[in-house]
Each structure stands twice: as structure tokens, then as C-alpha cells.
Amino acid sequence: MANVLYVDGLAANGGVGTLVSPWNCLDQVTAYSTSPGFLPGDIVQFKRGTTIAVKTATALSIVNGGAEEEPITFQDYGVGPLPIIDCGGVAIPGVWTEPFTGIYYNAYSGSAVNGFTEDSMWLTHSAAIAGMDAGQWFWNSTSNVKFPYQSAYPVGLYYRPTSGAPASHILRKCSSTNGVGIGSNLSHLRFKNLHFKGGAVGVAIGTPSTTHIYGIEFIRCTFEELRTALDISGSGVWSTNRCKAKYCIVLNCGKGIHFGSRDTSAPAYDHDIIGNTVTNIDLDARFSSFGGALDREGIGLQNSVRCKIVGNTIQYGCLHGGLLTWIHGTLGKFDGNLFAANVVKDIDGSGIVLGAAVNAPSKGYNVVSGNIVARAGQYGIKVNTTSTLRPSLVTNNVIDACGLAHLYTQSTCAGWEIQNNISVSPVTHHASWGGASTCRPNANDYWPISGTQFAENGVARSWGSFQHEVYMNGVTVPLPDASSVSVDPQFTVGTYRLAPTSPLKTAGLYGSHAALDGDGVPFSIMPIGAY
């Protein structure tokens, strides 16, 4: 019989994990996982309306896995707001003094500092101790590799509170492992209705070394004020399989949801990333102000195969891309994925990036359909990889007012059908094809057209020239882009849905694969556009 264990952040010390005597900190959950250990089917319940943190450990560490039909589940109980899992690590030891007006000092000389939180909010590392703004900190140490040690000041931590004095806040020193650490080689864990907040990492899995990973699931969870929200990655030959992030919220983080591989060849099979809302990814550069390189992306995948990325909303920030796919350069995979009914808007980077500039082998049969990309600072939809085994399809998307080309294919890319898309009011180009790219545009609507809003191999083109030379380098193709149009799509007010009178309602072409509309359902009549 499965065990049900309870955690209440307001409970008294000395609890044993029962409903009447619950645990009150993450250290106790870690200790139980170590011995006697969770069993398949066990349930750990965290009380709503409470915050659960570590007292002496650096993070919640899970070292047991479940089974195919019996995952170990971590979920909520009770009423009120979601239980908060404080991911900020231990409270900063020592005494704070005030050597300068409003700037406090702690003679900390311990292990590396990877971040600093005030009341579970990630603070910006200041460029210098003098002139520090409210809500900033500085780690003065020769071990600080990003900001030089300031020899005029003693070693330690400097901090200017957002308000009041340090004693009125909960201050935590983040390490690279804060949050929830899932041990290497574990499978079948489920997280439901939990709020991960304030730290370097929300949830991450250790590097697999002996087995493939299966069935790590996140359902209706919130990730907030985290440098990296969620990272489920394989390594080498060890893949991740059938993992899920569904109906989660990612808010004010440095990096959103990442499934795949740690820059290696490990494939990511059959993942579902569905119905999530990702907002404010490093919008104010707080998370990239300190620490190592940070992929500031909303949703990222690497070496993905048969994954479903459907119905997600991504907005604000995301300098490195809203929905971004990576492929290992020599052993990567990018096959049979579905990107449908996603909305990417008002971000700093490109909206949807397919391949992330790596022309790797073994790719095909991907469908990018029914997505809305509006006001991305860079490209709308960017094809950066060749579909070598079977054709892939970019179809029935709407791209509106992006900073660079709405439809872009990198040099030498091939094997993509790019059709039935609506490009509206680009800042630079409706479409731009790299040199020797043979991706085929057809039956798209470019509205309006003004001058040379097309490009081939870096050379500006008129629409007529682009239609007859879509295979680049001045080579006229046998079947030019003759079915594309330039007409007002006639959207209904405030939406990207076609009005009943729109000439695009029945103007689309059927492609090599089935397409989904902006609601995530198959088209009954094929239009140009997402609805």
C-alpha cells in the first residue's frame, strides 16, 4: 500500500510526516528519501497556504524513482494558495552591519554564491559596491569570476534592501543546486499544483549515466523568480522519454522550460509541453546579471523526436527566442515534432526557431502549424535546419509586426514546405531566404507589400523577383511561388481570425502532412492563416 506523507511549513518542529504531525521543512523530505526511501506509488503532500524551505541543506534532493503505473507524486493538500517550495537555499549566516548609509555588509567567506534572494525574489548583482541601488547586492571575493574583487572593501556580501533593513527580510544565498534536485537515473515522478519560487533552479534532473529517463511530469505547477525554471535533460546516449509540462505557469525567470539534452547527442522522445504560460523571461536582465551563460528562452528543446508543443503562450523578454529547438551538430535528431496553436508575442528575440543554427542530420516530418507570432524583436519563424529524411511543414501560421524577416530560412536549408502563412506589417522583410536555401514557399499572404520587403542571399528583392527566384542565387525554379497573394486578410477586430468575407477562407493548399489550426484542431477547409 502506498504511503501518504504530509508537509506543513507552519507545523511545529519534530513532525514525523503524518497528517496530525507533519514535517515542516524540505530537509525532512530529503532525509526520508535517503532512508527509508520513497516507494513507487508514494504521495508527498504539501499544505496549501504555507511556504516550505530548507533549514540546513542546500536543496530538496530526491533519490528514489517510481514505476510505470506507480509514480512517486509530490502534490498539494488543503485550501488556499499553492504551497510554495522555497528554492533559495539556506538563510545567509552571520550579522549584517551598516558601514555605508543604506548599504549593509556581512562578513561572509563561505562557498560560492550563485545568487541572492530577498523574500524569494531574485536580486540583481550590482556592478560595484559604491552607488548600489535598492534591491541589489555584491559578492566581494576573489572567487567572483564575473565582477572584479574590490580590494578597498572587506571580503563578504554587500546588500541594499528594497526597503527597511536586512532583519525585515528573508535573505538566502543561492547555489547552483538550489530548488528540487532529482537524482541521476530516476524515472516516474509527478509534481502537481506546487509553486517553486526564488532560487538558481526550480527543478532539474541529475545527469543520467546508466539508464534512460521516463515519465517526469509537471502538472499545473508555478515557477517564479528562478534563474532556470525547469530542466529535464539527458546526456550522451541516455535519453529522456515521455516527460510532461502541462498547464504550468513560468513567471519572472531567467530561463523557462527546457527538455532534451545537455548539449550532447541524447534524444528527447515523446515529450508533451502543452498549455503552459511563460511570461517575463529575464525581462529586466536580473538573472543574467550574475552567473554563467544563460539561455534566455521561453520553451527550449534539444534533439526532440515526436514531441508535442501545443497551446502554449510565451510573452515578454526571451532574448534568445520564444520557442527554440536545438540539434546536436553531428548526432542530433529533429523528427516528427508538432508545434501547434502556440502564441508568442511581444518578446525580444525570435518567435519560433527551428534548429538553432545547426545543420545536423536525421531530421524530418515536423509540423509547425496554427501558431501566432506577434511583435517579436527578431525573426518571426526561423528555419535553421534541413529536413533531410522526409519533408517538414511550416503552415497556417500568422506572423505580425516582427523586427526582422517574418519567414526566414538559413543558407543551404532544404526540405521544408512553407505555405498558407499570413505575414502582416513586417518591420523589414516578409520573407528572407539564405543562399542556396531550397525551402519552398507557396500560397502565403504578404500584406501589405511596400518596396523590396523580400530578400535572397542578403540581396533585397521585390515580390515579383522573389516569386520567380525562390531557390536563390538567381536560379529560376520550375514551379515558382505563384500561389501566394498580397491581400488584406480581413481579421475580425482584435483577433487573428479571418472574417467571413476574407478572401483567404478557402485559399490554402494541403501540404504533405496534416495541419492544425490556432485552436489545435484539424482544418475542415484549408485557409491561408491560422483560423
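Keep in mind that what you see is a predicted model, and the values were worked out from it rather than measured.

J.: Describe the overall build of the protein chain, naming the residues involved and giving the relevant values.
T.: Counting its secondary structure elements, the protein chain contains two helices and 50 strands. Counting all 531 residues of the protein chain, 59% fall into the buried class. Sequence-distant contacts, at least 24 apart, represent 74% of the contacts inside the protein chain between residues at least 6 apart.

J.: Can you break down the state of the cysteines residue by residue, with the values?
T.: Tallying each qualifying case throughout the model produces zero disulfides. As a non-bridged cysteine, Cys-87 has Cys-174 as the owner of its nearest cysteine sulfur, 9.1 Å distant. For Cys-87, a relative accessible area of 0% translates into the label buried. Considering cysteine sulfurs only, Cys-248 is the nearest to Cys-221, which forms no disulfide, with 5.0 Å between them.

J.: How would you sum up the side chain of Ser-288? Please name residues and give values.
T.: The residue Ser-288 is located in the loop between strand E27 (277-281) and strand E28 (297-302) in this model. At a separation of 3.4 Å, a polar atom in the side chain of Ser-288 contacts the side chain of Arg-296. In this view, Ser-288 contacts Lys-146, Arg-227, Asp-282, Leu-294 and Arg-296; residues no more than four positions away in its chain are not counted.

J.: I'd like to hear about the packing of aromatic side chains, residue by residue, with values.
T.: One pass over the structure, following the stated rule, counts 27 aromatic pairs. With 5.2 Å between their ring centres and 35 degrees between their planes, Phe-116 and Tyr-159 make a pair best called tilted. In this pair, Phe-116 sits in strand E9 (residues 115-118) while Tyr-159 sits in strand E13 (residues 156-160), placing the two residues 43 residues apart along the sequence. Look at Phe-116 and you get buried, because its relative accessible area is 0%. One aromatic cluster is present, formed by Trp-23, Tyr-32, Phe-38, Phe-74, Phe-191, Phe-196, Phe-218 and Phe-223 through successive ring pairs.

J.: If you had to explain the side chain of Thr-222 to someone new, which residues and values would you point to?
T.: One can find Thr-222 in strand E20 (residues 222-234). When its relative accessible area of 12% is taken as the criterion, Thr-222 is described as buried. Filtering out sequence-adjacent residues up to four positions away, Thr-222 remains in contact with Leu-82, Leu-194, His-195, Phe-196 and Ile-249.

J.: Kindly report on the environment of Gln-410, identifying the contributing residues and their values.
T.: Along the polypeptide, Gln-410 turns up in the loop between strand E43 (407-409) and strand E44 (416-419). According to the relative accessible area criterion, Gln-410 is buried, its value standing at 19%.

J.: Tell me about the sheet that holds strand E8 (residues 103-106), and name the residues and values.
T.: Read across the sheet, five strands follow the order E7-E8-E13-E12-E11 without closing on themselves; strand pairing throughout is mixed. Strands with a single pairing partner mark the edges of an open sheet, and in this sheet they are strand E7 (96-100) and strand E11 (124-125). For E8 and E13, the ladder comprises three bridges, and the chain directions are antiparallel. From the neighbouring strand, Asn-106 faces E13, where its bridge partner is Leu-157.

J.: Give a description of the sheet that holds E9 that names residues and reports values.
T.: Taken in spatial order, the three strands make up an open sheet running E10-E9-E14, and their pairing is antiparallel. Pairing within the sheet leaves two strands with one partner each, and these edge strands are strand E10 (121-122) and strand E14 (171-174). As paired strands, E9 and E14 are joined by four bridges and run antiparallel to one another. Bridge pairing in E14 links Thr-117 to Arg-172.

J.: Tell me about the pairing of strand E32 (residues 321-326), residues and numbers included.
T.: If a strand is regular, its side chains alternate between the two faces of the sheet. In terms of residue burial, E32 counts as a mostly covered element, since five of its six residues are buried. Sheet topology places E28 next to E32; five bridges connect them, and they run parallel. Bridging from a neighbouring strand, Ile-299 pairs with Leu-323 of E32. As paired strands, E32 and strand E36 (residues 352-355) are joined by four bridges and run parallel to one another.

J.: Which residues make up the nonpolar core, and what values go with them?
T.: Membership of the largest hydrophobic core comes to 78 residues, with the highest contact counts inside it found for Phe-46, Phe-74, Phe-191, Phe-196, Phe-223 and Leu-354. Sort the elements by how many residues they give to this core and E20 lands first, with five residues. Ranked by size, the runner-up nonpolar core spans 20 residues in total, among them Ile-92, Trp-96, Tyr-104 and Trp-139.

J.: So what's going on with the pattern of salt bridges? Which residues, and what values?
T.: The full count for this structure, using the stated rule, is 13 salt bridges. Residues Asp-284 and Arg-286 are paired through a salt bridge, measuring 2.9 Å at the closest nitrogen-oxygen approach. The class for Arg-286 is buried, based on a relative accessible area of 13%. We note a salt bridge from Arg-461 to Glu-456, for which the minimum N-O separation is 2.9 Å. Considered together, Arg-461 and Glu-456 belong to a single accessibility category, that of buried residues. Through salt bridges with shared partners, a single ionic network connects Glu-225, Asp-284 and Arg-286.

J.: Talk me through helix H1 (residues 26-34); I want residue IDs and the actual numbers.
T.: Of all the nine residues making up H1, seven are buried; the element is thus mostly covered by neighbouring parts of the structure. Looking only at H1, the buried set comprises Leu-26, Asp-27, Gln-28, Val-29, Thr-30, Tyr-32 and Ser-33. Looking at the buried side of H1, the elements it contacts are strand E1 (4-7), strand E2 (43-47), strand E3 (51-52), strand E4 (60-62), strand E5 (72-77) and strand E6 (84-86).

Rules behind the numbers
- Residues numbered from 1 in each chain as written.
- Predicted model: local features only at pLDDT ≥ 70, side-chain atom pairs only at ≥ 80, totals over all residues.
- Heavy atoms only, no water.
- Helix = DSSP H or I, 4+ residues; strand = E, 2+ residues; numbered from the N terminus.
- Buried < 20%, exposed > 50% of the residue type's maximum accessible area, 1.4 Å probe, protein only.
- Contact = heavy atoms within 4.5 Å.
- Disulfide = S-S within 2.5 Å.
- Polar contact = N/O pair within 3.5 Å; in protein donor to acceptor, adjacent residues only side chain to side chain.
- Phe/Tyr/Trp six-rings, centres within 6.5 Å; stacked < 30°, edge-to-face > 60°.
- Pairing = 2+ DSSP bridges.
- Core = buried A, V, L, I, M, F, W, Y, C linked by side-chain atoms within 4.5 Å.
- Salt bridge = Lys/Arg side-chain N within 4 Å of Asp/Glu carboxyl O.

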